[in-house]
Amino acid sequence: MIANDQLAQWDRENFFHPSTHLAQFDRGEAPQRIITGGEGSHIIDRDGNRLLDGFAGLYCVNAGYGRKEITEAIAKQADELAYFHSYAGHGTEASITLSKMVMDRAPEGMARVYFGLGGSDANETNIKLVWYYNNIRGLPEKKKIISRWRGYHGSGLMSGSLTGLELFHKKFDLPLSNIVHTEAPFYYRRPEADMSEADFTAYLIRELEALIEREGPETIAAFIGEPVLGTGGIVPPPEGYWEGVQEVLARHDILMIADEVITGFGRLGSMFGSDHYGIKPDLITIAKGLTSAYAPLSGSIVGQRMWDVLCQGTDEHGVFGHGWTYSAHPIGAAAGVANLKLIDELGLVENATTVGAHLRRAMTEAVGDHVNVGEVRGEGMLCAVELTSDRATRASFDPMGSVAPKVVAAMLKRGVIARAMPQADMLGFAPPLCLTTEEADHIAAVTAESLKEVLG
Ligand code: PLP
(Lines give C-alpha, C1' and ligand atoms only; values in the text may rest on other atoms or scores of the structure.)
Protein backbone atom coordinates (compact mmCIF):
# COMPACT_ATOMS: atom_id res chain seq x y z
CA MET A 1 0.00 0.00 0.00
CA ILE A 2 1.26 3.49 -0.84
CA ALA A 3 2.01 5.62 2.22
CA ASN A 4 -0.63 8.22 3.06
CA ASP A 5 1.82 11.11 2.74
CA GLN A 6 2.84 10.05 -0.73
CA LEU A 7 -0.77 9.75 -1.92
CA ALA A 8 -1.65 13.10 -0.38
CA GLN A 9 1.20 14.74 -2.28
CA TRP A 10 0.34 13.05 -5.61
CA ASP A 11 -3.25 14.15 -5.08
CA ARG A 12 -2.27 17.83 -4.68
CA GLU A 13 0.15 17.70 -7.62
CA ASN A 14 -1.80 15.71 -10.22
CA PHE A 15 -5.50 15.38 -9.58
CA PHE A 16 -7.91 18.00 -11.03
CA HIS A 17 -10.85 17.51 -8.66
CA PRO A 18 -14.36 18.44 -9.83
CA SER A 19 -16.34 21.14 -7.99
CA THR A 20 -13.30 22.16 -5.94
CA HIS A 21 -11.56 25.48 -5.18
CA LEU A 22 -8.52 24.68 -7.34
CA ALA A 23 -6.11 27.27 -5.95
CA GLN A 24 -6.89 26.46 -2.33
CA PHE A 25 -6.47 22.77 -3.04
CA ASP A 26 -3.13 23.39 -4.74
CA ARG A 27 -1.92 25.44 -1.79
CA GLY A 28 -2.95 22.75 0.66
CA GLU A 29 -5.64 24.95 2.24
CA ALA A 30 -8.66 22.92 1.11
CA PRO A 31 -9.05 19.50 2.75
CA GLN A 32 -8.46 16.17 1.06
CA ARG A 33 -9.81 12.81 2.10
CA ILE A 34 -8.81 9.40 0.80
CA ILE A 35 -11.61 6.86 1.04
CA THR A 36 -10.82 3.18 1.34
CA GLY A 37 -14.02 1.34 2.11
CA GLY A 38 -17.68 1.41 2.97
CA GLU A 39 -20.38 -0.64 4.62
CA GLY A 40 -24.13 0.06 4.82
CA SER A 41 -24.49 3.80 5.45
CA HIS A 42 -20.84 4.32 6.46
CA ILE A 43 -17.60 5.03 4.64
CA ILE A 44 -14.08 4.50 5.99
CA ASP A 45 -11.08 6.69 5.17
CA ARG A 46 -7.34 6.03 5.12
CA ASP A 47 -6.96 7.51 8.61
CA GLY A 48 -9.34 4.88 9.93
CA ASN A 49 -12.28 7.26 10.43
CA ARG A 50 -15.70 5.65 10.08
CA LEU A 51 -18.15 8.28 8.82
CA LEU A 52 -21.93 8.08 8.62
CA ASP A 53 -22.63 9.25 5.08
CA GLY A 54 -25.68 11.46 5.34
CA PHE A 55 -25.49 12.26 1.63
CA ALA A 56 -24.98 8.77 0.08
CA GLY A 57 -21.97 10.04 -1.86
CA LEU A 58 -23.81 12.49 -4.09
CA TYR A 59 -27.37 11.23 -3.44
CA CYS A 60 -26.45 8.07 -5.27
CA VAL A 61 -25.35 5.09 -3.15
CA ASN A 62 -29.00 4.27 -2.52
CA ALA A 63 -28.49 0.58 -1.69
CA GLY A 64 -25.68 1.43 0.74
CA TYR A 65 -21.99 0.55 0.59
CA GLY A 66 -20.36 -2.88 0.36
CA ARG A 67 -23.25 -4.78 -1.21
CA LYS A 68 -21.83 -8.13 -2.31
CA GLU A 69 -24.88 -8.85 -4.48
CA ILE A 70 -23.87 -5.93 -6.72
CA THR A 71 -20.09 -6.29 -6.59
CA GLU A 72 -20.30 -10.00 -7.43
CA ALA A 73 -22.61 -9.30 -10.39
CA ILE A 74 -20.06 -6.73 -11.65
CA ALA A 75 -17.15 -9.17 -11.22
CA LYS A 76 -19.04 -11.92 -13.03
CA GLN A 77 -19.92 -9.62 -15.93
CA ALA A 78 -16.34 -8.30 -16.16
CA ASP A 79 -15.06 -11.85 -16.28
CA GLU A 80 -17.54 -13.06 -18.93
CA LEU A 81 -17.64 -9.97 -21.14
CA ALA A 82 -16.33 -6.62 -19.92
CA TYR A 83 -17.45 -4.72 -23.00
CA PHE A 84 -19.32 -4.79 -26.22
CA HIS A 85 -21.14 -1.84 -27.77
CA SER A 86 -24.87 -1.48 -28.20
CA TYR A 87 -24.94 0.17 -31.64
CA ALA A 88 -26.94 -1.37 -34.50
CA GLY A 89 -28.98 -3.74 -32.40
CA HIS A 90 -26.21 -5.23 -30.23
CA GLY A 91 -26.93 -6.01 -26.60
CA THR A 92 -26.02 -8.25 -23.70
CA GLU A 93 -28.16 -10.28 -21.34
CA ALA A 94 -27.49 -7.60 -18.71
CA SER A 95 -28.43 -4.58 -20.85
CA ILE A 96 -31.57 -6.20 -22.26
CA THR A 97 -32.68 -7.44 -18.83
CA LEU A 98 -32.08 -4.02 -17.33
CA SER A 99 -34.12 -2.32 -20.06
CA LYS A 100 -37.02 -4.66 -19.19
CA MET A 101 -36.62 -3.99 -15.45
CA VAL A 102 -36.55 -0.22 -15.96
CA MET A 103 -39.60 -0.24 -18.22
CA ASP A 104 -41.51 -2.52 -15.81
CA ARG A 105 -40.96 0.10 -13.11
CA ALA A 106 -41.43 3.22 -15.28
CA PRO A 107 -44.60 5.34 -15.10
CA GLU A 108 -47.43 4.61 -17.51
CA GLY A 109 -47.05 5.76 -21.09
CA MET A 110 -43.28 5.29 -21.41
CA ALA A 111 -41.99 3.27 -24.36
CA ARG A 112 -38.19 2.70 -24.42
CA VAL A 113 -35.02 3.39 -22.45
CA TYR A 114 -31.76 4.71 -23.96
CA PHE A 115 -28.69 4.16 -21.74
CA GLY A 116 -25.86 6.64 -21.15
CA LEU A 117 -23.23 7.09 -18.45
CA GLY A 118 -24.23 9.92 -16.10
CA GLY A 119 -27.04 12.38 -15.51
CA SER A 120 -25.41 15.18 -17.51
CA ASP A 121 -25.04 13.17 -20.70
CA ALA A 122 -28.58 11.79 -20.31
CA ASN A 123 -29.88 15.36 -20.33
CA GLU A 124 -27.75 16.16 -23.40
CA THR A 125 -29.46 13.18 -25.06
CA ASN A 126 -32.87 14.39 -23.95
CA ILE A 127 -32.47 17.80 -25.56
CA LYS A 128 -31.28 16.24 -28.81
CA LEU A 129 -34.33 13.97 -28.75
CA VAL A 130 -36.61 16.99 -28.24
CA TRP A 131 -35.04 18.90 -31.15
CA TYR A 132 -35.15 15.86 -33.45
CA TYR A 133 -38.80 15.30 -32.48
CA ASN A 134 -39.84 18.81 -33.47
CA ASN A 135 -37.81 18.74 -36.67
CA ILE A 136 -39.54 15.53 -37.74
CA ARG A 137 -42.90 17.11 -36.87
CA GLY A 138 -42.05 20.00 -39.19
CA LEU A 139 -41.70 22.53 -36.33
CA PRO A 140 -38.08 23.66 -36.69
CA GLU A 141 -38.74 26.93 -34.77
CA LYS A 142 -39.98 25.07 -31.68
CA LYS A 143 -36.66 24.52 -29.90
CA LYS A 144 -36.33 26.51 -26.67
CA ILE A 145 -36.20 24.72 -23.34
CA ILE A 146 -37.64 26.12 -20.12
CA SER A 147 -35.75 25.22 -16.97
CA ARG A 148 -36.05 26.63 -13.44
CA TRP A 149 -33.73 28.85 -11.43
CA ARG A 150 -32.16 26.62 -8.77
CA GLY A 151 -32.76 23.53 -10.94
CA TYR A 152 -29.76 21.20 -11.33
CA HIS A 153 -29.43 19.16 -14.49
CA GLY A 154 -25.68 18.58 -14.79
CA SER A 155 -22.60 20.47 -15.85
CA GLY A 156 -22.14 19.77 -19.57
CA LEU A 157 -22.70 22.49 -22.15
CA MET A 158 -26.43 21.91 -22.53
CA SER A 159 -27.06 20.31 -19.14
CA GLY A 160 -25.01 23.05 -17.42
CA SER A 161 -27.13 25.62 -19.27
CA LEU A 162 -30.30 23.95 -18.02
CA THR A 163 -28.92 24.12 -14.49
CA GLY A 164 -30.20 27.28 -12.85
CA LEU A 165 -27.32 28.04 -10.48
CA GLU A 166 -24.98 30.90 -11.29
CA LEU A 167 -21.93 28.98 -10.04
CA PHE A 168 -22.28 26.61 -12.99
CA HIS A 169 -22.62 29.43 -15.56
CA LYS A 170 -20.22 32.12 -14.40
CA LYS A 171 -17.14 32.43 -16.66
CA PHE A 172 -18.17 29.36 -18.70
CA ASP A 173 -20.18 31.39 -21.25
CA LEU A 174 -23.35 29.60 -20.17
CA PRO A 175 -26.28 29.35 -20.48
CA LEU A 176 -26.36 28.69 -24.24
CA SER A 177 -29.06 30.41 -26.25
CA ASN A 178 -32.36 28.53 -26.50
CA ILE A 179 -32.49 28.01 -22.72
CA VAL A 180 -34.79 30.17 -20.61
CA HIS A 181 -35.28 29.96 -16.86
CA THR A 182 -38.44 30.45 -14.86
CA GLU A 183 -39.03 30.95 -11.12
CA ALA A 184 -37.96 28.29 -8.61
CA PRO A 185 -40.84 26.57 -6.78
CA PHE A 186 -39.24 27.42 -3.44
CA TYR A 187 -41.95 28.45 -0.98
CA TYR A 188 -39.57 29.51 1.80
CA ARG A 189 -38.09 32.03 -0.66
CA ARG A 190 -41.50 33.34 -1.82
CA PRO A 191 -41.47 36.99 -2.91
CA GLU A 192 -44.02 38.13 -0.30
CA ALA A 193 -44.08 36.84 3.26
CA ASP A 194 -47.88 36.67 3.51
CA MET A 195 -48.39 34.58 0.35
CA SER A 196 -50.12 31.25 1.10
CA GLU A 197 -48.73 28.13 -0.53
CA ALA A 198 -51.66 28.10 -2.98
CA ASP A 199 -51.08 31.81 -3.81
CA PHE A 200 -47.40 31.07 -4.41
CA THR A 201 -48.26 28.23 -6.79
CA ALA A 202 -50.65 30.50 -8.67
CA TYR A 203 -47.87 33.11 -8.90
CA LEU A 204 -45.41 30.52 -10.31
CA ILE A 205 -47.91 29.38 -12.90
CA ARG A 206 -48.62 32.99 -13.95
CA GLU A 207 -44.87 33.60 -14.28
CA LEU A 208 -44.48 30.47 -16.41
CA GLU A 209 -47.38 31.44 -18.64
CA ALA A 210 -45.98 34.99 -19.00
CA LEU A 211 -42.55 33.63 -19.98
CA ILE A 212 -44.11 31.41 -22.64
CA GLU A 213 -46.11 34.34 -24.01
CA ARG A 214 -43.02 36.59 -24.07
CA GLU A 215 -40.89 34.02 -25.90
CA GLY A 216 -43.74 32.83 -28.14
CA PRO A 217 -45.26 29.37 -27.53
CA GLU A 218 -44.33 28.37 -31.07
CA THR A 219 -40.64 28.62 -30.04
CA ILE A 220 -40.84 26.55 -26.85
CA ALA A 221 -40.20 22.82 -27.15
CA ALA A 222 -39.91 21.48 -23.62
CA PHE A 223 -39.90 22.14 -19.89
CA ILE A 224 -37.42 20.34 -17.63
CA GLY A 225 -37.75 19.97 -13.87
CA GLU A 226 -36.82 17.74 -10.97
CA PRO A 227 -39.92 16.44 -9.15
CA VAL A 228 -38.27 17.72 -5.94
CA LEU A 229 -35.74 20.49 -6.50
CA GLY A 230 -32.42 18.82 -5.56
CA THR A 231 -29.06 20.57 -5.49
CA GLY A 232 -30.86 23.93 -5.63
CA GLY A 233 -32.22 23.30 -2.15
CA ILE A 234 -33.98 19.94 -1.57
CA VAL A 235 -37.37 21.60 -1.93
CA PRO A 236 -40.61 19.65 -2.42
CA PRO A 237 -43.02 21.49 -4.73
CA PRO A 238 -45.74 23.72 -3.29
CA GLU A 239 -49.26 22.31 -3.40
CA GLY A 240 -50.80 21.97 -6.86
CA TYR A 241 -47.54 22.94 -8.62
CA TRP A 242 -47.11 20.00 -10.99
CA GLU A 243 -50.80 19.97 -11.85
CA GLY A 244 -50.64 23.67 -12.77
CA VAL A 245 -47.39 23.38 -14.75
CA GLN A 246 -48.67 20.43 -16.78
CA GLU A 247 -51.91 22.19 -17.63
CA VAL A 248 -49.91 25.11 -19.10
CA LEU A 249 -47.52 22.82 -20.99
CA ALA A 250 -50.35 20.79 -22.51
CA ARG A 251 -52.08 23.96 -23.70
CA HIS A 252 -48.95 25.11 -25.55
CA ASP A 253 -47.81 21.74 -26.94
CA ILE A 254 -44.68 21.74 -24.75
CA LEU A 255 -42.98 18.47 -23.78
CA MET A 256 -42.37 17.58 -20.13
CA ILE A 257 -38.94 16.25 -19.11
CA ALA A 258 -38.84 14.89 -15.55
CA ASP A 259 -35.24 14.86 -14.35
CA GLU A 260 -35.36 11.93 -11.94
CA VAL A 261 -31.61 11.52 -11.52
CA ILE A 262 -32.10 11.90 -7.75
CA THR A 263 -35.70 10.82 -7.37
CA GLY A 264 -35.71 7.74 -9.64
CA PHE A 265 -35.71 4.28 -8.01
CA GLY A 266 -36.99 5.03 -4.58
CA ARG A 267 -35.57 8.15 -2.97
CA LEU A 268 -39.00 9.75 -2.46
CA GLY A 269 -40.51 6.52 -1.19
CA SER A 270 -41.99 5.86 -4.64
CA MET A 271 -40.27 4.15 -7.55
CA PHE A 272 -40.42 7.44 -9.50
CA GLY A 273 -41.07 11.02 -8.47
CA SER A 274 -43.39 11.30 -11.47
CA ASP A 275 -45.73 8.76 -9.86
CA HIS A 276 -45.31 10.50 -6.52
CA TYR A 277 -46.60 13.82 -7.88
CA GLY A 278 -48.84 12.73 -10.77
CA ILE A 279 -46.40 13.96 -13.45
CA LYS A 280 -46.96 12.53 -16.93
CA PRO A 281 -43.56 13.03 -18.57
CA ASP A 282 -42.50 12.65 -22.18
CA LEU A 283 -38.91 11.98 -21.10
CA ILE A 284 -37.43 10.87 -17.79
CA THR A 285 -33.74 11.28 -16.92
CA ILE A 286 -32.35 8.51 -14.72
CA ALA A 287 -28.86 7.87 -13.29
CA LYS A 288 -27.58 7.66 -9.67
CA GLY A 289 -30.09 5.22 -8.09
CA LEU A 290 -30.16 3.07 -11.25
CA THR A 291 -26.93 1.34 -10.17
CA SER A 292 -26.59 2.91 -6.70
CA ALA A 293 -23.38 4.32 -8.25
CA TYR A 294 -21.62 0.93 -8.23
CA ALA A 295 -20.85 1.64 -11.90
CA PRO A 296 -21.62 4.68 -14.08
CA LEU A 297 -24.91 4.32 -15.94
CA SER A 298 -27.74 6.68 -16.83
CA GLY A 299 -30.76 6.61 -19.05
CA SER A 300 -33.40 8.54 -20.93
CA ILE A 301 -36.82 6.93 -20.74
CA VAL A 302 -38.82 7.97 -23.80
CA GLY A 303 -42.61 8.28 -23.84
CA GLN A 304 -44.75 6.70 -26.51
CA ARG A 305 -45.71 9.89 -28.39
CA MET A 306 -42.04 10.80 -28.83
CA TRP A 307 -41.01 7.23 -29.65
CA ASP A 308 -43.49 7.08 -32.54
CA VAL A 309 -42.04 10.27 -34.03
CA LEU A 310 -38.41 9.08 -33.55
CA CYS A 311 -39.28 5.91 -35.46
CA GLN A 312 -40.94 7.97 -38.19
CA GLY A 313 -37.73 10.05 -38.35
CA THR A 314 -35.52 7.06 -39.03
CA ASP A 315 -37.92 5.85 -41.73
CA GLU A 316 -37.55 9.24 -43.39
CA HIS A 317 -33.84 9.98 -42.70
CA GLY A 318 -32.10 6.73 -41.88
CA VAL A 319 -30.14 5.57 -38.85
CA PHE A 320 -30.59 7.54 -35.62
CA GLY A 321 -27.29 9.44 -35.40
CA HIS A 322 -26.77 9.50 -31.66
CA GLY A 323 -24.78 7.13 -29.44
CA TRP A 324 -21.93 6.81 -26.94
CA THR A 325 -19.22 4.15 -27.06
CA TYR A 326 -20.21 3.18 -23.53
CA SER A 327 -24.03 3.32 -23.94
CA ALA A 328 -25.47 0.36 -22.00
CA HIS A 329 -21.99 -0.71 -20.84
CA PRO A 330 -22.32 -4.35 -19.73
CA ILE A 331 -20.68 -3.71 -16.34
CA GLY A 332 -23.01 -0.82 -15.58
CA ALA A 333 -25.97 -2.87 -16.78
CA ALA A 334 -25.00 -5.84 -14.57
CA ALA A 335 -24.70 -3.46 -11.61
CA GLY A 336 -28.14 -2.04 -12.46
CA VAL A 337 -29.84 -5.45 -12.62
CA ALA A 338 -28.36 -6.53 -9.26
CA ASN A 339 -29.13 -3.15 -7.69
CA LEU A 340 -32.79 -3.02 -8.74
CA LYS A 341 -33.30 -6.59 -7.48
CA LEU A 342 -31.71 -5.66 -4.16
CA ILE A 343 -33.85 -2.54 -3.77
CA ASP A 344 -36.94 -4.79 -4.07
CA GLU A 345 -35.59 -7.55 -1.81
CA LEU A 346 -34.57 -5.18 0.97
CA GLY A 347 -37.76 -3.08 0.71
CA LEU A 348 -35.67 0.08 0.34
CA VAL A 349 -38.45 2.13 -1.28
CA GLU A 350 -40.65 1.54 1.79
CA ASN A 351 -37.67 2.23 4.07
CA ALA A 352 -37.19 5.59 2.34
CA THR A 353 -40.74 6.51 3.36
CA THR A 354 -40.62 5.37 6.97
CA VAL A 355 -37.02 6.18 7.97
CA GLY A 356 -37.05 9.36 5.86
CA ALA A 357 -40.11 10.59 7.78
CA HIS A 358 -38.39 9.59 11.02
CA LEU A 359 -35.28 11.57 10.04
CA ARG A 360 -37.32 14.75 9.41
CA ARG A 361 -39.21 14.30 12.68
CA ALA A 362 -35.99 13.75 14.62
CA MET A 363 -34.34 16.72 12.86
CA THR A 364 -37.31 18.99 13.60
CA GLU A 365 -37.21 17.98 17.27
CA ALA A 366 -33.44 18.45 17.44
CA VAL A 367 -33.01 21.78 15.62
CA GLY A 368 -36.47 23.11 14.68
CA ASP A 369 -36.51 25.62 17.55
CA HIS A 370 -33.00 26.96 16.98
CA VAL A 371 -33.13 30.73 16.32
CA ASN A 372 -31.19 30.27 13.06
CA VAL A 373 -33.30 27.47 11.62
CA GLY A 374 -35.89 28.76 9.16
CA GLU A 375 -37.41 25.40 8.33
CA VAL A 376 -36.80 21.65 8.18
CA ARG A 377 -38.26 20.11 5.03
CA GLY A 378 -37.96 17.19 2.66
CA GLU A 379 -39.71 14.19 1.19
CA GLY A 380 -38.87 10.48 1.35
CA MET A 381 -35.18 10.05 2.19
CA LEU A 382 -34.39 13.73 1.58
CA CYS A 383 -34.09 16.37 4.26
CA ALA A 384 -32.89 19.97 4.33
CA VAL A 385 -32.31 22.39 7.17
CA GLU A 386 -32.71 25.99 5.98
CA LEU A 387 -30.54 28.38 7.99
CA THR A 388 -31.24 32.08 8.35
CA SER A 389 -29.70 34.98 10.22
CA ASP A 390 -33.19 36.16 11.16
CA ARG A 391 -36.23 33.91 11.32
CA ALA A 392 -38.69 36.80 11.10
CA THR A 393 -37.33 38.23 7.84
CA ARG A 394 -35.88 34.94 6.49
CA ALA A 395 -32.66 36.87 5.78
CA SER A 396 -29.50 35.17 4.50
CA PHE A 397 -26.24 35.24 6.39
CA ASP A 398 -23.63 37.71 5.21
CA PRO A 399 -22.15 36.55 2.92
CA MET A 400 -24.73 34.02 1.86
CA GLY A 401 -23.38 30.47 2.09
CA SER A 402 -20.79 31.27 4.74
CA VAL A 403 -22.30 29.39 7.68
CA ALA A 404 -23.42 25.99 6.37
CA PRO A 405 -19.84 24.85 5.49
CA LYS A 406 -18.80 25.56 9.10
CA VAL A 407 -21.67 23.47 10.44
CA VAL A 408 -20.81 20.69 7.98
CA ALA A 409 -17.16 20.78 9.14
CA ALA A 410 -18.29 20.56 12.77
CA MET A 411 -20.44 17.56 11.87
CA LEU A 412 -17.54 15.87 10.10
CA LYS A 413 -15.46 16.13 13.27
CA ARG A 414 -18.27 14.16 14.91
CA GLY A 415 -18.24 11.51 12.18
CA VAL A 416 -21.31 12.53 10.14
CA ILE A 417 -21.30 13.76 6.52
CA ALA A 418 -23.85 16.41 5.53
CA ARG A 419 -23.71 18.75 2.52
CA ALA A 420 -23.56 22.53 2.52
CA MET A 421 -25.82 23.17 -0.47
CA PRO A 422 -24.45 25.58 -3.11
CA GLN A 423 -25.51 29.24 -3.19
CA ALA A 424 -27.53 28.89 -0.01
CA ASP A 425 -27.52 28.76 3.77
CA MET A 426 -28.63 25.22 3.89
CA LEU A 427 -27.68 21.76 5.17
CA GLY A 428 -28.67 18.88 2.90
CA PHE A 429 -29.23 15.22 3.79
CA ALA A 430 -29.81 12.38 1.33
CA PRO A 431 -28.62 9.25 3.12
CA PRO A 432 -28.58 5.74 1.64
CA LEU A 433 -32.11 4.31 1.49
CA CYS A 434 -31.04 1.58 3.94
CA LEU A 435 -30.58 4.12 6.76
CA THR A 436 -31.85 2.85 10.15
CA THR A 437 -33.89 4.88 12.64
CA GLU A 438 -30.92 4.81 15.06
CA GLU A 439 -28.67 6.28 12.36
CA ALA A 440 -31.32 8.92 11.59
CA ASP A 441 -31.45 9.87 15.29
CA HIS A 442 -27.66 10.11 15.34
CA ILE A 443 -27.60 12.43 12.29
CA ALA A 444 -30.17 14.71 13.98
CA ALA A 445 -28.29 14.76 17.30
CA VAL A 446 -24.97 15.57 15.62
CA THR A 447 -26.64 18.35 13.57
CA ALA A 448 -27.95 19.92 16.79
CA GLU A 449 -24.54 19.72 18.56
CA SER A 450 -22.75 21.17 15.55
CA LEU A 451 -25.25 24.01 15.07
CA LYS A 452 -24.74 24.88 18.73
CA GLU A 453 -20.97 24.84 18.31
CA VAL A 454 -21.07 27.19 15.30
CA LEU A 455 -24.03 29.46 16.03
CA GLY A 456 -24.56 29.05 19.77
N1 PLP B 1 -29.80 15.85 -12.87
C2 PLP B 1 -29.95 15.90 -11.54
C3 PLP B 1 -31.31 16.12 -10.97
C4 PLP B 1 -28.84 15.77 -10.69
O5 PLP B 1 -29.00 15.86 -9.37
C6 PLP B 1 -27.58 15.54 -11.27
C7 PLP B 1 -26.40 15.38 -10.41
O8 PLP B 1 -26.42 15.63 -9.21
C9 PLP B 1 -27.47 15.51 -12.66
C10 PLP B 1 -28.60 15.64 -13.44
C11 PLP B 1 -26.14 15.31 -13.32
O12 PLP B 1 -25.72 14.02 -13.13
P13 PLP B 1 -24.15 13.66 -13.29
O14 PLP B 1 -23.44 14.36 -12.20
O15 PLP B 1 -24.17 12.15 -13.16
O16 PLP B 1 -23.74 14.08 -14.64
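Residues numbered from 1 in each chain as written. Predicted model: local features only at pLDDT ≥ 70, side-chain atom pairs only at ≥ 80, totals over all residues. Heavy atoms only, no water.

## Examining the site of the ligand
The full set of residues close to the ligand is G118, G119, S120, N123, Y152, H153, G154, E226, D259, V261, I262 and K288. In this structure, S120 approaches the ligand through a side-chain N or O atom, which is 2.6 Å from an oxygen atom. No other element matches the 3 residues that helix α6 (residues 119–136) contributes to the shell around the ligand. Grouping the amino acids of the shell around the ligand by side-chain chemistry returns 3 nonpolar, 6 polar and 3 charged. (Near = heavy atom within 4 Å. Polar contact = N/O pair within 3.5 Å; in protein donor to acceptor, adjacent residues only side chain to side chain. Helix = DSSP H or I, 4+ residues; strand = E, 2+ residues; numbered from the N terminus. Nonpolar A, V, L, I, M, F, W, Y, C, P; charged D, E, K, R; others polar.)

## Comments concerning the domain arrangement of the chain
Looking at the assigned domains, one finds that the chain contains domain 1 (9–66 + 348–455) and domain 2 (69–346). Listed per partner, the contact involves 43 residues of domain 1 and 40 residues of domain 2. Taken together, both faces of the contact between domain 1 and domain 2 bury some 3,100 Å²; the carbon and sulfur share is 56%. For domain 1, the biggest contributors to the area lost against domain 2 are Y59, R394 and Q423; these three give 24% of the whole. (Domains from an automatic or database assignment. Contact = heavy atoms within 4.5 Å. Buried area = accessible area lost by both parts, 1.4 Å probe.)

## Concerning the sheet that holds strand β3 (residues 50–53)
The 4 strands are arranged β1-β2-β3-β13 in an open sheet whose pairing can be described as mixed. Taken across any chain shown, the strands that pair with only one partner, and hence form the sheet edges, are β1 (35–39) and β13 (416–417). (Pairing = 2+ DSSP bridges.)

## Details of a nonpolar patch on the surface
A surface patch of nonpolar side chains, about 360 Å² in accessible area, is lined by L81, Y83, F84 and Y326. With respect to the element layout, L81 can be found in the loop between α4 (68–80) and α5 (93–105). Overall, the relative accessible area of 34% leaves L81 in the partly exposed class. (Patch = residues over 30% accessible without salt bridge, like charges linked within 9 Å, V, L, I, M, F, W, Y side chains within 5 Å. Areas by Shrake-Rupley, 256 points an atom, 1.4 Å probe, with all protein chains shown as cover. Salt bridge = Lys/Arg side-chain N within 4 Å of Asp/Glu carboxyl O. Buried < 20%, exposed > 50% of the residue type's maximum accessible area, 1.4 Å probe, protein only.)

## Quick notes on the pattern of salt bridges
Scanning all chains against the criterion turns up 16 salt bridges. Residues E29 and R27 are paired through a salt bridge, measuring 2.8 Å at the closest nitrogen-oxygen approach. The partner of R189 in a salt bridge is E386, and the shortest N-O contact between them spans 3.0 Å. With R189 in the loop between β6 (179–182) and α8 (197–215) and E386 in strand β12 (residues 383–387), this residue pair connects regions lying 197 residues apart in the sequence. Residue R189 is classed as partly exposed on the basis of its relative accessible area of 32%. Among the ionic contacts, a cluster of salt bridges with common partners joins R189, E375, R377 and E386.

## Overview of the environment of Q24
Mapped onto the fold, Q24 is located in helix α2 (residues 22–26). For Q24, the residues in contact, after removing those within four places along its chain, are E29 and A30.

## With respect to α4
Given a rise of 1.5 Å per residue, 13 residues ought to cover 18 Å, and the 18 Å separating the end C-alpha atoms of α4 matches this to within 8%. Those residues of α4 not exposed but buried are I70, I74 and Q77. Buried residues along α4 cover an arc of 70 degrees about the axis, so they all sit on one side. Across α4 from its buried face, at more than 90 degrees, point the exposed residues K68, E72, K76, D79 and E80. Taken together, the buried residues of α4 touch α5 and α12 (330–345). (Expected span 1.5 Å × (residues − 1). Arc of directions from axis to C-beta.)

## A word on the packing of aromatic side chains
Using the criterion set out here, one finds 9 aromatic pairs in the structure. Ring geometry for Y187 against F200: centres 5.8 Å apart, planes inclined by 55 degrees, an arrangement best described as tilted. You can see Y187 sitting in the loop between β6 and α8 and its partner F200 sitting in helix α8, a full 13 residues away along the chain. Look at F200 and you get buried, because its relative accessible area is 2%. Measuring from centroid to centroid gives 6.2 Å for F223 and W242, while their planes differ by 90 degrees, and the two rings are edge-to-face. With a gap of 19 residues between them, F223 in strand β7 (residues 220–225) and W242 in helix α9 (residues 241–251) connect regions that are remote in the sequence. For F223, a relative accessible area of 0% puts it in the buried group. What links up through ring pairs into an aromatic cluster is the set Y187, F200 and Y203. (Phe/Tyr/Trp six-rings, centres within 6.5 Å; stacked < 30°, edge-to-face > 60°.)

## Here we look at the packing of α4 against α12
A pair of packed helices is captured by two measures, namely the crossing angle of their axes and the spacing between those axes. Close contact between α4 and α12 brings their axes to 8 Å; oriented N to C, the two are set at 150 degrees. Relative to α12, the element α4 is oriented roughly antiparallel. Considering only the axes of α4 and α12, their crossing is right-handed. Contacts from E69, I70, A73, I74, Q77 and A78 of α4 reach α12 at P330, I331, A334, A335, A338, N339 and L342. (Axes fitted to C-alpha atoms, helices over the stretch in contact; angles between N-to-C directions. Parallel < 35°, antiparallel > 145°, perpendicular 65-115°, else oblique. Left-handed = near helix turned anticlockwise from the far one by under 90°.)

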